[in-house]
Amino acid sequence: MTSIIETLDAWYAYRNDLKASNVSIGFVPTMGALHEGHMELIRQARLETECVVVSVFLNPTQFDNPEDFDLYPRTLDEDRILASEAGADVIIAPMKESLYPDGYRYKLTETEFSQQLEGAHRPGHFDGVLTVVLKLFNIVQPERAYLGEKDFQQLRLIEGMVDALFMNVRVVAVPTVRETDGLAKSSRNVLLTVAARSKAPAFYRSLTKAPTTEAARNELISEGFDVEYIEDLEERRLGAVVIDNVRLIDNVAIKDTI
Ligand code: PAF
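Residues numbered from 1 in each chain as written. Predicted model: local features only at pLDDT ≥ 70, side-chain atom pairs only at ≥ 80, totals over all residues. Heavy atoms only, no water.

Draft legend 1. Quick look at the nonpolar core. Counting 40 residues, the largest nonpolar core has W11, V53, F137 and I158 as its most contacted members. Contributions of two or more residues to this core are made by α1 (8–20), β2 (25–30), β3 (51–56), β4 (90–92), α7 (125–140), β5 (144–148), α8 (152–164) and β8 (236–243). Per element, the largest residue contribution to this core is 9 residues, and it comes from α7. Among all residues touching V53, those that are not within four sequence positions of it are W11, I25, G26, F27, V28, V90, I92 and V140. One finds L192, L207, F225 and V241 within the second-largest nonpolar core, a separate group that totals 18 residues. (Core = buried A, V, L, I, M, F, W, Y, C linked by side-chain atoms within 4.5 Å. Buried < 20%, exposed > 50% of the residue type's maximum accessible area, 1.4 Å probe, protein only. Helix = DSSP H or I, 4+ residues; strand = E, 2+ residues; numbered from the N terminus. Contact = heavy atoms within 4.5 Å.)

Quick look at the structure:
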């Protein structure tokens, strides 16, 4: 079974042993509530690195909405089982105080791309993401870090941060894992009511099948979604919608749309 480390000191002792034996570290940062998408990241890390480390940290600084933070599922026991099944060696689950000894006085801001799409709808979101990922990369010191394409803007911003700050880690992008009806796997899916869950696959359908972003927006509005944005950017069609109070994001390669 995957072991759980809850303090930074215990992690540093573990990491020192790995580094002393030249063991390569593959890192999967998560906020918990693991699902098949995270398991795919862990499996990929398992194939490419010798020690697979998963962080489970529900990062408060990336939530612009306190209710969203409160509702976010917390499932460490189940996370441990799924992480084990996928082949993780260790979970680090640090306390908030240990990751933010400065009380979040220091933060990292990207000033352009982070202000669009998700950033335009969730002020401060990417400051929180980039700051915590920077901290986690410094703490874990992985050779490779595995991130899902589902959070495409996050992925690009983390890649950009690694380049801009000359960080010694290779970011590996892993394709989105979907339910058979096309809905992207997400920790938030468990919050969907039965009715919302049955409507949710229309999001992916419209992203891939509507001829334009405007057509996708209109289709989704007529199906009862609140559409925050649907935009074509960097050869992807990206969107965020809300259905019955649950916010979903997704994106597809434009070459995969009709
Ligand atoms: O994608 C996530 O789960 C989070 O944004 C991350 C990268 C773990 C940072 O908290």
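The discussion continues.
Draft legend 2. Geometry of the site of the ligand. Taken together, the residues surrounding the ligand are P29, T30, M31, N59, Q62, V132, V133 and Q154. Q62 has a polar side-chain atom sitting 2.6 Å from an oxygen atom of the ligand. Here the ligand loses 90% of its free accessible area of 290 Å² to cover by the protein chains. Among the secondary structure elements, those contributing two or more residues to the shell around the ligand are β2 and α7. (Near = heavy atom within 4 Å. Polar contact = N/O pair within 3.5 Å; in protein donor to acceptor, adjacent residues only side chain to side chain. Areas by Shrake-Rupley, 256 points an atom, 1.4 Å probe, with all protein chains shown as cover.)

Draft legend 3. Representation of the sheet that holds strand β9 (residues 246–253) in the model. If you trace the 3 strands from one edge of the open sheet to the other, you get β7-β8-β9, paired in antiparallel fashion. Whereas interior strands pair on both sides, the edge strands pair on one side only; in this sheet they are β7 (226–233) and β9. Taken pair by pair, the neighbouring strands of this sheet meet at an average axis angle of 10°, ignoring direction. One ladder, built from 7 bridges, connects β7 with β8; its direction is antiparallel. (Pairing = 2+ DSSP bridges. Axes fitted to C-alpha atoms, helices over the stretch in contact; angles between N-to-C directions.)

Draft legend 4. Quick look at the pattern of salt bridges. In the structure shown here, the tally under the stated rule is 20 salt bridges. Residues E36 and R43 are paired through a salt bridge, measuring 2.8 Å at the closest nitrogen-oxygen approach. On the accessibility criterion, R43 (30% relative accessible area) is partly exposed. The partner of R197 in a salt bridge is D181, and the shortest N-O contact between them spans 2.9 Å. Placement of the pair is R197 in helix α9 (residues 194–199) and D181 in the loop between β6 (170–174) and α9, with a sequence separation of 16 residues. What you see here is one network of salt bridges that share partners, running through D64, D68, E118, R122, R188, E228 and R247. (Salt bridge = Lys/Arg side-chain N within 4 Å of Asp/Glu carboxyl O.)

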